[in-house]
Amino acid sequence: MSTSASFRRRLWPYVVAVVAVAVSLFPIFWILTIALKSRMDAFAMPPVWFFSPVWENFGRAWSAQGFSGAFFNSLIVCAIGNVLALAAGIPAAYYLNKRHVPGRRTILILLLISYMLPEFLFIVPMYVLFQSIGLYDTVIGLALIYQVFTLPFTIWLLRAFFADIPEALAEAARLEGAGTLRIVWTIYVPIAAPGIAATVILNSIKMWNELTIALALTFEKAQTVTLAVAGFRGYASIDWGAMSAASIIIILPMALFAILAQRRIVQGLSLGAVK
Amino acid sequence: MSAVSLQGIDISYGSVDVVRNLDLDIKSGEFVVFVGPSGCGKSTTLRLIAGLEEGRSGEISIGGRVVNEIDPAKRDVAMVFQNYALFPHMSVADNISFGMRLRGEAKEKIAASVADVARMVGLQDHLHKRPGALSGGQRQRVALARAIVRKPAVFLFDEPLSNLDAEFRAAMRYELSRLHRELGSTMIYVTHDQVEAMTMGDRIAVLAPLKQAGRSNLMQFGTPEEVYHRPANLFVAKFIGSPPMNLFEVRMENGEVRLGSVSLRIGGSIPAALTVGIRPEHVLINVGEGPSIDATVEGMENLGHEKLWFLATGIGRVVARTQDNVQHITGEKVSLRFPGERLHLFDSATGERMPEDSLVRGKG
Ligand SMILES: Nc1ncnc2c1ncn2[C@@H]1O[C@H](COP(=O)(O)OP(=O)(O)O)[C@@H](O)[C@H]1O
Ligand SMILES: [Mg+2]
């Protein structure tokens, strides 16, 4: 009896986990089935559960006008966005941890507010500004404007990771003759690497999925994947098969990233706990 | 020439003073221990010498050179931190050679130095490991090796043994003393543990928190013998020695003070209130002749090699330390005698030790 009780106790977490995974993955599963069905099967009522998968939707999606270009645009925006966020965020996080930075709290609160403001607030002023300085419809411009949320997020997260690194490490390095730049680069960055990786992943997901700003500040050259997917909605009809296939394609890089980096994320987000 | 000299050092954090009026001259090759209760400014002072902390005023010299404005890395000091401050992402060898690599020294020279130092502290089999894979004692050695490899004029230790268990601490105490003899360098060692201070220090600087101190934190700077046998004030008398010195506050009457039934004659200029002290090992139980103090045995702690007796008297609780073969039973009436030459006299108001000739005739 006691063994069956303990078995039930151990079973519950699995039941909960399975339900949670099923609920959160169901939409993706549904989209995947549409992407793999022929046009006939896709909207059959009642739904067809057994069908022979077809791949033509994926081919049509990838070769659709602008889609592959948008895919690479998004990759580049993520890359530049992360480089910018880290280049400014690492030094900022390091200094904002120091006791003697005046106005430290204010700066941190302002960053948090900037992170929380809704994206559409930036659209009108930035549209005008970007038009006039030539950043409209460029990937650089997008990567720059995305800093309004990636940079505060990066600073806040890295600051927490850096705070777990004992000050004495920096002091020991300083006694050996290391300057601030070297201390950050040879001590803080490598020790916080899992945290930095987690930050990059979370930033990438956010930038990859961003729609509002991209819609307003790009037109054609710099279109991103979210816009490209929306583009399958024609005037008269929607190519559900290709749109679903495109959705799956754009989920893939992030899913791959998440799977590859999952250990890093967990490690990073629990950096303090394992110290 | 003094290896380290502090003149009129004041340190504060914001508006809070932590160290005041600190003057200290440390001789070349000396092992000096800063000892005092937690929060008295020991670490702060050590960090000031290293250059990690700035004073409000005063002059710091190392090897005859004023270093107030000199970068920490150029002060010719190496520091061993309380929590070791090892770089967790580097191997033991890389931890030890961090500074040499930074200064761009030749690979062969680095390898030779690392091997030398590793042998010295017994780490030769662990050079490729990360600090996380080492025991506390081994981490301690890495921190030590990282300091030794710099060949500094002055070593600074901030409670380096406080994270080790007792058994290991004793062994490391001995090793550090051996290292000091071998290297002949000046060492400054911070601890709150008076056993470490007494066993390791050539000289001991006893520091007090400012709110208990007078014009300076420095309560006494002397050899272990001086600090133990001639404490300069009540603070040192209470802080050094375990169990602590027995202290009795007494009043003057006609040039005499009465300690129970015993009277002491005091000469010189006499303060209104005196504190008389005697160490537990100097209290005699049922030994000797003449005036004595009646006491009742309240309890005993047997430490194996010695016994501690807790005695109730008319002047208060007295602790006595005897050899292990002394026998008394709880409740037994005994008589205590305090040899005059073993008494310490302090001015109760200032806490300062009275001149040695104050005690004209100690009876009993
Ligand atoms: N960074 C700091 N900011 C403010 N107060 C500090 C700081 N570091 C130490 N103190 C204070 O200075 C006093 C002395 O500290 P410390 O030198 O670390 O003492 P010790 O090493 O003797 O235990 C303590 O009261 C402590 O609270
Ligand atoms: Mg300390």
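Caption draft 1: Focus on the overall build of chain B. A tally of regular secondary structure across chain B gives eight helices and 21 strands. Expressed along its principal axes, the backbone C-alpha trace of chain B runs to roughly 75 × 45 × 35 Å. In chain B, buried positions account for 55% of the 364 residues. When contacts within chain B are restricted to residue pairs at least 6 apart in sequence, long-range pairs at least 24 apart make up 65% of them. Summed over its atoms, the accessible surface of chain B is roughly 16,200 Å², and 48% of this surface lies on carbon and sulfur atoms. Taken together, the 42 basic and 43 acidic charged side chains of chain B have centroids lying 3 Å from each other.

Caption draft 2: Spatial organisation of helix H2 (residues 92-102) of chain B. Here H2(B) lies mainly inside the structure; nine of its eleven residues are buried. Trailing H2(B) by a residue or two, Gly104(B) shows a phi angle of about 70 degrees, which is positive.

Caption draft 3: The sheet that holds strand E1 (residues 2-13) of chain B, seen in detail. All names here are of chain B. In spatial order, the strands read E2-E1-E4-E5; together these four strands make up an open sheet with antiparallel pairing. Unpaired on one side and paired on the other, strand E2 (16-27) and strand E5 (65-66) mark the two borders of the sheet. Of the pairings in the sheet, the one linking E1 to E2 comprises eight bridges and is antiparallel in character. Note on E2: the bridge partner recorded for Leu6 is Leu24.

Caption draft 4: Molecular detail of the environment of Gly201(B). All names here are of chain B. By secondary structure assignment, the location of Gly201 is in the loop between helix H6 (194-200) and strand E9 (203-207). Given the relative accessible area of 10%, Gly201 is considered buried. With 18 residues separating them along the chain, Gly201 and Met219 place their C-alpha atoms 16 Å apart. The contact partners of Gly201, leaving out residues within four places of it in the chain, are Phe31, Val33, Glu196 and Pro224.

Caption draft 5: Representation of the site of ligand 1 within the structure. By nearness alone, every residue bordering ligand 1 is listed as Arg99(A), Tyr13(B), Val18(B), Ser38(B), Gly39(B), Cys40(B), Gly41(B), Lys42(B), Ser43(B) and Thr44(B). Looking at what sits near ligand 1, you find residues from chains A and B. Here Lys42(B) contributes a backbone N or O atom positioned 2.9 Å from an oxygen atom of ligand 1. If one sorts the elements of the shell around ligand 1 by residue count, helix H1 (residues 42-50) of chain B sits on top with three residues. Across the shell around ligand 1, the residue classes break down as three nonpolar, five polar and two charged.

Caption draft 6: Spatial organisation of the domain arrangement of chain A. Looking at the assigned domains, one finds that chain A contains domain 1 (2-56) and domain 2 (66-230). Computed from C-alpha coordinates alone, the two centres of domain 1 of chain A and domain 2 of chain A are separated by 36 Å.

Caption draft 7: Spotlight on the side chain of Arg75(B). Residues and elements named next belong to chain B. Its location among the elements puts Arg75 in the loop between E5 and strand E6 (77-80). A distance of 3.1 Å separates the side chain of Arg75 from the backbone oxygen of Leu48, its partner in a polar contact. Once residues lying within four places of it in the same chain are set aside, the contact partners of Arg75 are Leu48, Ile49, Ala50, Gly51, Ile60, Ile62, Arg65, Val67, Asn68 and Ile70.

Caption draft 8: Layout of helix H6 (residues 120-133) of chain A. Residue and element names in this part refer to chain A. Compared with an ideal rise of 1.5 Å per residue, which puts 14 residues at 20 Å, H6 spans 20 Å between its outermost C-alpha atoms and is within 8% of the ideal. Its axis deflected by about 40 degrees at Met126, H6 carries its strongest bend there. Those residues of H6 that sit buried are Phe122, Ile123 and Phe130. In this structure, the buried side of H6 is in contact with helix H5 (104-116), helix H7 (139-145), helix H8 (147-163) and helix H12 (212-217). Residue Gly134 follows H6 closely and has a positive phi angle near 80 degrees.

Caption draft 9: Quick peek at unusual backbone geometry. Residue and element names in this part refer to chain B. Omega for the bond connecting Ser242 with Pro243 falls within 30 degrees of zero, at -5 degrees, which places this linkage in the cis form. With respect to the element layout, Pro243 can be found in the loop between helix H8 (234-239) and strand E11 (246-253). For Asp76, which is not glycine, the phi dihedral falls at a positive 65 degrees. The residue Asp76 is located in the loop between E5 and E6 in this model.

Caption draft 10: Examining the sheet that holds strand E18 (residues 316-323) of chain B more closely. All names here are of chain B. Across the sheet, five strands lie side by side as E15-E19-E16-E17-E18; this open sheet has antiparallel pairing. Whereas interior strands pair on both sides, the edge strands pair on one side only; in this sheet they are strand E15 (284-285) and E18. One ladder, built from eight bridges, connects strand E17 (residues 306-313) with E18; its direction is antiparallel. Within E18, the position partnered with Phe310 by the bridge is Val319.

Caption draft 11: Representation of the packing of aromatic side chains. If you walk through the whole model with that rule in mind, you get 21 aromatic pairs over all chains. Aromatic pair Phe155(B) and Phe157(B): ring centres 6.0 Å apart, planes at 5 degrees, arrangement stacked. On the basis of relative accessible area, Phe157(B) is assigned to the buried category, the value being 0%. Here the basic side chain of Lys206(A) rests over the ring of Phe149(A), its NZ or CZ set 5.0 Å away from the ring centre. Against the face of Phe87(B) rests Arg146(B), its NZ or CZ located 4.9 Å from the ring centre.

Caption draft 12: Region of the structure containing the nonpolar core. Core analysis: the biggest nonpolar cluster contains 60 residues, and Ile187(A), Phe34(B), Leu156(B) and Ile188(B) have the highest contact counts within it. Sequence-distant contacts of Ile188(B), that is, excluding residues within four places in its chain, are made with Val4(B), Ile26(B), Val32(B), Phe34(B), Leu46(B), Ile49(B), Val154(B), Phe155(B), Leu156(B) and Phe157(B).

Caption draft 13: Structural detail: the confidence of the model for chain B. For chain B, the mean per-residue pLDDT works out to 93, and 99% of the residues sit at or above 70. Across the whole predicted complex the pTM is 0.85, and at the interface the ipTM reaches 0.87.

Caption draft 14: Layout of the interface of chain A and chain B. Contact residues are listed per partner, giving 15 residues for chain A and 20 residues for chain B. The tally of links from chain A across to chain B stands at three salt bridges. Across the pair Arg150(B) and Glu176(A) runs a salt bridge, and its minimum N-O distance is 3.6 Å. At the surface where chain A touches chain B, the tally comes to four residue pairs in polar contact (both at pLDDT 80 or more). The set of elements that each furnish at least two residues to the side of chain A that touches chain B consists of helix H9 (167-175) and helix H10 (180-191) of chain A. In terms of residue class, the side of chain A that touches chain B is made up of nine nonpolar, two polar and four charged.

Reading guide: rules and limits
- Residues numbered from 1 in each chain as written.
- Chains lettered and ligands numbered in written order.
- Predicted model: local features only at pLDDT ≥ 70, side-chain atom pairs only at ≥ 80, totals over all residues.
- Heavy atoms only, no water.
- Helix = DSSP H or I, 4+ residues; strand = E, 2+ residues; numbered from the N terminus.
- Buried < 20%, exposed > 50% of the residue type's maximum accessible area, 1.4 Å probe, protein only.
- Contact = heavy atoms within 4.5 Å.
- Areas by Shrake-Rupley, 256 points an atom, 1.4 Å probe, with all protein chains shown as cover.
- Lys, Arg positive; Asp, Glu negative; His and termini not counted.
- Charge placed at Lys NZ, Arg CZ, Asp CG, Glu CD.
- Pairing = 2+ DSSP bridges.
- Near = heavy atom within 4 Å.
- Polar contact = N/O pair within 3.5 Å; in protein donor to acceptor, adjacent residues only side chain to side chain.
- Nonpolar A, V, L, I, M, F, W, Y, C, P; charged D, E, K, R; others polar.
- Domains from an automatic or database assignment.
- Expected span 1.5 Å × (residues − 1).
- Bend = angle between axes of the 7 residues up to and from the residue.
- Phe/Tyr/Trp six-rings, centres within 6.5 Å; stacked < 30°, edge-to-face > 60°.
- Lys NZ or Arg CZ within 6 Å of the ring centre and 35° of its normal.
- Core = buried A, V, L, I, M, F, W, Y, C linked by side-chain atoms within 4.5 Å.
- pLDDT = per-residue confidence, 0-100.
- Salt bridge = Lys/Arg side-chain N within 4 Å of Asp/Glu carboxyl O.

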